[in-house]
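Here is what each chain is made of, one letter per residue.
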Amino acid sequence: QVQLVESGGGLVQAGGSMRLSCAASGSFFSINSMGWYRQAPGKQRELVAGITSGGSTNYADSVKGRFTISRDNAQNTMYLEMNSLKSEDTAVYYCNAEVMSWSYYRASYWGQGTQVTVSS
């Protein structure tokens, strides 16, 4: 079984910064792609940023230039550095990981989510 635990959310003023972390634990062969998603009230969950095991990244247009995704493969941890935060960034942020088991079965896992609130 794989667990993803996010941390680092909270309340921040517009223009401020915040760093989210997502730590994976459990028994598995490897973690392939990872990503941060967010869901605002009344809206669908959307991809914020993704990162491959090799470090290639992609971002939603709305966060390009403001957010930076990174990962520490040795620690099975992913980060999201968020700068110049806007009120529209307010949402529950979820981490996602595609994990390969020891029997080479791939499965997608989600964290429990962490609330990010940006006050204007």
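Residues numbered from 1 in each chain as written. Predicted model: local features only at pLDDT ≥ 70, side-chain atom pairs only at ≥ 80, totals over all residues. Heavy atoms only, no water.

Glancing now at the side chain of Asn 96. By secondary structure assignment, the location of Asn 96 is in strand E9 (residues 91–100). A distance of 3.1 Å separates the side chain of Asn 96 from the backbone oxygen of Tyr 109, its partner in a polar contact. Once residues lying within four places of it in the same chain are set aside, the contact partners of Asn 96 are Leu 4, Ser 33, Met 34, Gly 35, Tyr 37, Met 78, Ser 108, Tyr 109 and Trp 110. (Helix = DSSP H or I, 4+ residues; strand = E, 2+ residues; numbered from the N terminus. Polar contact = N/O pair within 3.5 Å; in protein donor to acceptor, adjacent residues only side chain to side chain. Contact = heavy atoms within 4.5 Å.)

Below, the discussion takes up the pairing of strand E8 (residues 77–82). Most of E8 sits inside the fold, with 5 of its 6 residues counted as buried. As paired strands, strand E3 (residues 18–26) and E8 are joined by 6 bridges and run antiparallel to one another. Across the sheet, the residue bridging to Arg 19 is Glu 81, located in E8. Where strand E7 (residues 67–72) meets E8, 6 bridges bridge the pair, whose relative direction is antiparallel. Residue Arg 71 lies in a different strand from E8, and its bridge partner there is Met 78. Between the antiparallel neighbours E7 and E8 lie 4 residues, among them Asn 76 with a positive phi of about 50°. (Buried < 20%, exposed > 50% of the residue type's maximum accessible area, 1.4 Å probe, protein only. Pairing = 2+ DSSP bridges.)

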